[in-house]
Each structure stands twice: as structure tokens, then as C-alpha cells.
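Chain residues, written in single-letter form:
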Amino acid sequence: MFWVPLLLLAWAIAATAGLRLCRAAVREAAAAGDGAGERRGVTLYEAAFLSGGPARVADLTLVAMARQRRLLLAHTGWATVVDPRGRDAMERTVIGAIGPEGQSRIAPVRKAAATAEAVRVLAERLVRAGLAVPEGDGRTVAEALRRLRLAVPAVAGLAAVALLMPVPSQMPRPLVALWFALPLAFTLGCLAIARFELSPASPWASPAGQRLLASVRRAAAGDTDDDRAYLTTVAVRGVHAVGEPQVRAAFTHRGPDPRW
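The text that follows walks through the structure, step by step, so that each part is easy to find. (Residues numbered from 1 in each chain as written. Predicted model: local features only at pLDDT ≥ 70, side-chain atom pairs only at ≥ 80, totals over all residues. Heavy atoms only, no water.)

## Section: the sheet that holds strand 2 (residues 78–81)
Stage number 1. Taken in spatial order, the three strands make up an open sheet running 1-2-3, and their pairing is antiparallel. Only two strands of the sheet have a single partner each, and these edge strands are strand 1 (71–73) and strand 3 (103–105). When strand polarity is set aside, the average angle formed by the axes of neighbouring strands in this sheet is 20°.
Stage number 2. Here three bridges tie strand 1 to strand 2, and the two strands are oriented antiparallel to one another. Directly across from Leu71, in strand 2, lies its bridge partner Val81. (Pairing = 2+ DSSP bridges. Helix = DSSP H or I, 4+ residues; strand = E, 2+ residues; numbered from the N terminus. Axes fitted to C-alpha atoms, helices over the stretch in contact; angles between N-to-C directions.)

## Points about the pairing of strand 2
Stage number 1. Linkage of strand 1 to strand 2, two consecutive antiparallel strands, is achieved through a turn of four residues, within which Gly77 is found at a positive phi near 90°.
Stage number 2. Bridging between strand 2 and strand 3 involves three bridges; their strand directions are antiparallel. Bridge assignment links Ala79 to a residue of strand 3, and that residue is Ser104.

## Some details on the side chain of Thr61
Stage number 1. Assignment of secondary structure puts Thr61 in helix 3 (residues 44–67).
Stage number 2. Classification of Thr61 by relative accessible area gives buried; the value is 0%.
Stage number 3. In terms of polar contacts, Thr61 uses its side chain to reach the backbone carbonyl oxygen of Val57, at 2.9 Å.
Stage number 4. Contacts of Thr61, omitting those with residues within four sequence positions, involve Tyr45, Met90, Glu91 and Val94. (Buried < 20%, exposed > 50% of the residue type's maximum accessible area, 1.4 Å probe, protein only. Polar contact = N/O pair within 3.5 Å; in protein donor to acceptor, adjacent residues only side chain to side chain. Contact = heavy atoms within 4.5 Å.)

## Digging into the pattern of salt bridges
Stage number 1. For the structure on display, the rule yields seven salt bridges.
Stage number 2. A salt bridge links Arg70 to Glu91, with the shortest nitrogen-to-oxygen separation between them at 2.6 Å. Highlighted residues: Arg70 in the loop between helix 3 and strand 1 and Glu91 in helix 4 (residues 89–98), separated in sequence by 21 residues. Each member of the pair, Arg70 as well as Glu91, carries the same accessibility label: buried.
Stage number 3. Connected via shared salt-bridge partners are Glu117, Arg120 and Glu124. (Salt bridge = Lys/Arg side-chain N within 4 Å of Asp/Glu carboxyl O.)

Pasting the structure below:
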């Protein structure tokens, strides 16, 4: 009966992961509150944070400045400052990250801007409004789903160990496999239900924030302002959603530094 402790461990893993998901779903539903945060609306920076986190905010700032010809984004992965006067805290952060020479590779600029004070203040404002999830909160639905996905191979691995160990057992191996199929089916069932009922669109946005993002996407679909629609697409879907190869190449270029 060496497989029984393994079966109990498999059930413990599956049950813990399922319970964590249920608690996270209830907690996020309660955190949605009365929808006051949804009624306030969001800026493009806020929509970018809720969709893709700090890195998306940095991307949006770079693209917006390039769109206004105040920054040049080369397909070789370099950013060059044209207008050194930032119009808001995020633009000043990006210009500062590029440095006094007025030119830098995009990757370190994105990294520096994403961890800047301006983004932290933006995140705290969204958290207070109930639209964003506090940083490092491992109790969210997204985190619970991640752990539930990890529970699937864990349970399957325990089943494989129980079936492959050359230890004599009074229980036929097909029946042992059937016992292990129960916690595995429970875990997969929880994942299937979560996919249709919860489906977190963003690990950064709370349920209220996700609903607000949905309204932003609908509004962007009918926006007649090309610039606004373009930047909204970058904010909610990312740089790779835009139809400009040069912009996409600027953010994905990994070539050598030409200065060396």
C-alpha cells in the first residue's frame, strides 16, 4: 500500500489549489465594491498599466512621444530624443532614462521607466481606486490559477511514481491509476470552470479594472481619432498589435551595440 501516501499527497495538492482559487475568486468579487472606481474612467497610462503592467506604460510613453515626433524610434532598437521637454511625469522619466546624450537603446530605457517613481505612483492610485491588484498579492485569481496549473503535473507525477515503482502491491495497477485519476480530474475540472467563469484578462487589473478595460476597448473600436485609437491599441494590446513593422522592430531588435 505504498501508493496510499502518494494518493493522499495528490489529494492534498489538488484540494489546496482548488480551495485557493475559490477563496481568491470570492475575495476579488468582494473587492469589486460598488463600482465607484469604474465610474471615474481611466487615462491611457492607466489603461496601459491595467492591461500590461509597468512595462506597458513605458512602451506607451515611448510610442506616444514617437507619434508626436518628439522621440525617434529606430528599427535597430535605439531611441533618440528630439524634444527634451517632457509634458508629464512619464515623459520626463523616459527622457531621463535615455540620458544626457539624448540617445540610448530602447531595452534599458523601458526597464528603467517601468521601475520609476512615476509608475509606482500610478499603480498606487489605481489600487486605491479598486482598479488594480496590489503588487505582490499572491492571493489573486491569476496567482491561484497559476498554482492550480502547477498542481496538474504535480498530481500526474505522483501518479507516475506510484505506478512505476517496482514495489509489490495487492491493488492492481489499473485500479491504482483510477484512484489517482480522481484528484487529477478534480484539478482539471477546476481549471475548466475557471476558464469560463473567471478567465482573468490581466494579472494587473482587479475585476472592476477588467470591466473598465472592456469599455475602453469598445470605445476604441468606434473612435474616429486615429491617433487616439492607435495609442489606445498600444495601451490595451501592446506594441505588437500595431500595424507598423518599424515600431515593432524597434522593440524587438536584439542586435549588437553599433558603438562597439
